[in-house]
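Working through the structure, step by step
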Amino acid sequence: MKKLLVLAFIGFIAQLIDGSLGMAYGVSSSTLLLAFGIAPAVASASVHISEVVTTAASGISHIKFGNVDRKMVFRLTIPGSIGAFVGACFLSNLPGAIVKPYVSTFLLILGVYIIIRFLFLFKPSEDIESPPLPYKQSIPLGLIAGFADATGGGGWGPITTPILLSKKGMTARKVIGTVDTTEFAIAVSASLGFIISLGWDTVNWIWVCALMLGGVFAAPIAAWLVKVMPAQMMGVFVGGFIILVNARTLLSAWLPNSSEYYSLIYGIVLLLWVTALIFSIKKQISLNKNNLVKSSTIQSDN
């Protein structure tokens with residue numbers, strides 16, 4: 001019972017993060033599952049099977065609100081599904097003890113990227129409509145992001161969303177809606193790959209249901225958080241959290257006999273994380289002041 005409550009809490013936190021950022025459900029939940037000692041293949045399978053429900057609900061909502069570029073959905077879905085299926089089969093045939101440090105390394109790199117992305121590269125996108133990403137770019141993007149998502153338990157959103165935004169092929173609203181909608185197909189393909197490779201008996205369906213249940217309760221709260229918490233601050237928070245948890249896994253794997261240095265390393269990571277959070281808060285305060293000044297100027301002119 002205790003483990004089920006923990007898994008429901010993991011699903012709750014992961015969906016809270018994903019619903020607030022439009023990414024990082026897989027990365028966050030996989031990170032927490034690995035930290036609790038669950039094997040990488042089983043962790044990733046549980047995450048993707050639970051995502052089938054959460055991404056379906058998210059995709060339907062985005063379609064109803066007109067947040068989806070249908071052409072881009074088609075261009076990403078097919079290569080992304082292939083990459084996810086291959087990645088799931090690849091991960092399932094590797095011993096858990098061997099692959100765990102490499103999966104944690106991948107997640108840690110994603111955590112660093114998320115911090116850099118939201119702390120230094122994050123800018124409000126211009127609402128300019130332009131043609132979707134061409135096939136020669138969308139096909140490799142889908143294949144790589146799908147494979148990374150299955151092998152790491154996350155990566156579709158953190159990889160696909162920034163690339164689409166950097167290309168200015170869609171508005172920010174449609175980027176998030178399209179990525180969330182296509183993630184349903186990625187979750188289905190990865191889940192099929194894991195079930196075929198691992199078998200139905202390997203997947204603990206009670207764990208999966210616990211993750212789903214936690215995610216369902218978090219969804220409305222996440223929607224409220226989008227209104228009150230800036231995406232930049234949430235991105236820095238998530239990135240630091242992922243780095244901290246995966247640093248623990250990597251230290252245990254690579255430096256098992258040097259536990260005396262663990263506290264120092266954790267302290268450095270926490271210090272950098274807090275510094276990044278303070279910097280993001282200052283940037284947000286400065287942005288709010290500038291917006292207030294502009295608003296006052298417009299009102300005085302009128």
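Bear in mind the structure is a predicted one, so any value in this text is a computation, not a measurement. (Residues numbered from 1 in each chain as written. Predicted model: local features only at pLDDT ≥ 70, side-chain atom pairs only at ≥ 80, totals over all residues. Heavy atoms only, no water.)

Now for the overall build of the chain. Within the chain one finds 11 helices and 0 strands. Of the regular secondary structure in the chain, the N- to C-terminal order runs α-α-α-α-α-α-α-α-α-α-α. Among the 302 residues that make up the chain, the fraction classed as buried is 50%. In the chain, of all internal contacts separated by at least 6 residues, the share reaching a separation of at least 24 is 84%. Surface summary for the chain: the accessible area is close to 14900 Å², and the carbon and sulfur share equals 71%. (Helix = DSSP H or I, 4+ residues; strand = E, 2+ residues; numbered from the N terminus. Buried < 20%, exposed > 50% of the residue type's maximum accessible area, 1.4 Å probe, protein only. Contact = heavy atoms within 4.5 Å. Areas by Shrake-Rupley, 256 points an atom, 1.4 Å probe, with all protein chains shown as cover.)

Quick look at the nonpolar core now. If you look at the biggest cluster of nonpolar residues, it comprises 25 residues, and the most contacted ones within it are L7, I10, L33 and I38. Those elements giving two or more residues to this core turn out to be α1 (2-21), α2 (25-35), α3 (40-64), α5 (96-119), α9 (205-228), α10 (231-254) and α11 (262-301). Here this core gets 5 residues from one element, more than from any other, and that element is α1. Once residues lying within four places of it in the same chain are set aside, the contact partners of L7 are L33, I38, W207, A210 and L211. (Core = buried A, V, L, I, M, F, W, Y, C linked by side-chain atoms within 4.5 Å.)

The UniProt entry lists residues 73-96, 102-122, 175-199, 205-226, 233-255 and 261-281 under the feature "transmembrane region" (unreviewed entry), expressed in the numbering used here. Overall, residues 175-199 shows 96% helix and 0% strand. The separation of its end C-alpha atoms is 35 Å. As a span, residues 261-281 carries 95% helix and 0% strand, and end to end its C-alpha atoms are 31 Å apart. (UniProt positions renumbered as here; feature names shortened; annotations may be inferred.)

The subject of this paragraph is the side chain of S189. Positionally, S189 belongs in helix α8 (residues 172-198). Polar side-chain contacts of S189 include one of 3.3 Å to the side chain of S81. In this structure, S189 is in contact with S81, A84 and F85, ignoring residues within four places of it in sequence. (Polar contact = N/O pair within 3.5 Å; in protein donor to acceptor, adjacent residues only side chain to side chain.)

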